[in-house]
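Okay, here's what each chain looks like letter by letter:
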Amino acid sequence: MILRKRIISLLLIIALCFGMTVQAQASEIDQTQKQAEDLEKKKKDAENEKNSLEKQLNDIVAEMDKTKEKIDAKESEISAKEEELIQAKVDENDQYESMKKRIKYMYENGNSQFIEILCESKSIGEFLNNAEYISTISEYDRDMLVEFQEIVKTVQEQEKTLKKEYEELEAMQDDLIAKQDHLNDLMESKKEEIEKISSDLGATKEKLKKLKEAAEAARRKQEEMARAAAAAAAAAASASSGSSGGSSSAGAPVVSGNGTFTHPCPGLTYISSEFGWRAQPLPGASTNHKGMDFAAPTGTPIYAAAGGTVTTATYSGNAGNLIVINHGNGLQTYYMHCHAMYVSAGQQVSKGQNIGAVGTTGNSTGPHLHFQVMLNGTPTNPRNYL
């Protein structure tokens, strides 16, 4: 008997150690999860910045294309103006050469030819017309030369203006190219940053996956150890029970409340789950809760809700250590996830008798008593009886 108690104690200690390991792993999982979330946010922010840089780069490329079109147009204007200037200079030179020839001719032949032209006039009107013609030729040569010189000067000024505009456009294009190079550098840097974050994020997610797998394995191991301890305790209790089915480890009877049933777990901390629909607490668990869950520290006494016959007191899969009491008239009560059971099948119990202790055996998220009332084979709300 002493050896069995020692074994049970050792199993409980091991289960407790596994519980501490699970808690430590849960803390590390939370920390790693937060790291992953932070990296996700950093990656999203970096990708937004990269998209913004790409937009700026596209805008600059579009502006460069427009500026290039303006430069090409300006080059065409300058080329046309250069041709115009060349022609203006040719016209100026032709006029100048023609004027020189006429002056030279008049100088070499004297004015006799002009006098002859005047003397051959047949009338005063013709004489006056010829004299005016000679004068007009001289003035025309001067006026045409001045006009061509003005054209050359105007075209030169226009060409100068076009070249200045061209230089300004080229400077603008150079500035855009510099901005483009700067943005390309920023883009490359941002790509490297995103790659680094993605790599860190991948490693963090892999770590998180392994931590969750290890935590799940530790949890299952803890449950196995708890079930083994509970089974050993149940076996010890069953072996030590007498004809009355009582146990020396059970406490004194306790009756509380004004309902048909006494409260099965007056030492509860809080009600962790009501009867009826609930969110799924564990994978594979039902959302249709068939009883009430009383969260309480491991070892908290469990009392028979009413007198009756114990029909079941054994380990039963998801329910863990399970006690079922038949109260007659189609009414039964279930007590699940017990840490210890102080009664055995076939035993008569009284209302408020200490029949077990709160635990977390079976499919459980923590120490609690699942109290279930069955009426003619159908689960009913325990609050109707408490």
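Residues numbered from 1 in each chain as written. Predicted model: local features only at pLDDT ≥ 70, side-chain atom pairs only at ≥ 80, totals over all residues. Heavy atoms only, no water.

Participant: When you look at the nonpolar core in this model, what are you seeing that I'm missing?
Facilitator: A general feature of soluble globular proteins is that nonpolar side chains tend to end up buried together. Counting residues in each nonpolar core, the largest one holds 24 residues, and the members touching the most others are Phe261, Ile323, Ile325, Tyr335, Ile355, Leu369 and Phe371. Counting only elements with at least two residues in this core, the list comes to strand 4 (292-295), strand 7 (321-328), strand 8 (331-341), strand 10 (354-358) and strand 11 (368-375). Setting aside its immediate chain neighbours within four residues, Phe261 contacts Ser256, Ala305, Ala306, His327, Leu331, Thr333, Lys351, Phe371, Val373, Tyr385 and Leu386. Counting residues in each nonpolar core, the second largest holds seven residues, with Ile60, Met64, Leu176 and Leu183 among its members. (Core = buried A, V, L, I, M, F, W, Y, C linked by side-chain atoms within 4.5 Å. Buried < 20%, exposed > 50% of the residue type's maximum accessible area, 1.4 Å probe, protein only. Helix = DSSP H or I, 4+ residues; strand = E, 2+ residues; numbered from the N terminus. Contact = heavy atoms within 4.5 Å.)

Participant: Help me understand unusual backbone geometry in this model?
Facilitator: Positive phi, close to 55°, is recorded for Asn329, a residue that is not glycine. With respect to the element layout, Asn329 can be found in the loop between strand 7 and strand 8. By relative accessible area, Asn329 is classed as exposed at 80%. Of note in the backbone geometry, Asn376 takes a positive phi value of approximately 55° without being a glycine. Relative to the assigned elements, Asn376 resides in the loop between strand 11 and strand 12 (378-380). By relative accessible area, Asn376 is classed as exposed at 61%.

Participant: For this particular structure, what's the right way to read the packing of aromatic side chains?
Facilitator: What characterises a pair of aromatic rings is the spacing of the ring centres plus the angle enclosed by the ring planes. Scanning the entire structure with this criterion turns up three aromatic pairs. Note on Tyr335 and Phe371: the rings are 5.4 Å apart at their centroids and 50° apart in plane angle, and the pair reads as tilted. Of this pair, Tyr335 sits in strand 8 while Phe371 sits in strand 11, placing them 36 residues apart in sequence. Here Tyr335 falls in the buried class, since its relative accessible area comes to 0%. Here a set of aromatic residues connected by ring pairs shows up, and it is made of Phe261, Tyr335, Phe371 and Tyr385. (Phe/Tyr/Trp six-rings, centres within 6.5 Å; stacked < 30°, edge-to-face > 60°.)

Participant: Is there a simple way to explain the pairing of strand 6 (residues 308-315) in this structure?
Facilitator: Remark: a regular strand shows side chains that alternate across the two faces of the sheet. Here strand 6 pairs with strand 9 (residues 348-349) via two bridges, running antiparallel. Residue pairing for strand 9: Gly308 is matched across the bridge by Val349. Summarising the sheet, strand 6 and strand 7 pair through six bridges and their orientation is antiparallel. Among the inter-strand pairings, Thr314 is bridged to a residue of strand 7, identified as Leu322. As consecutive antiparallel partners, strand 6 and strand 7 are separated by five residues, and within that stretch Gly317 has a phi angle of approximately 50°, a positive value. (Pairing = 2+ DSSP bridges.)

By themselves, these observations are geometric and do not establish any function.
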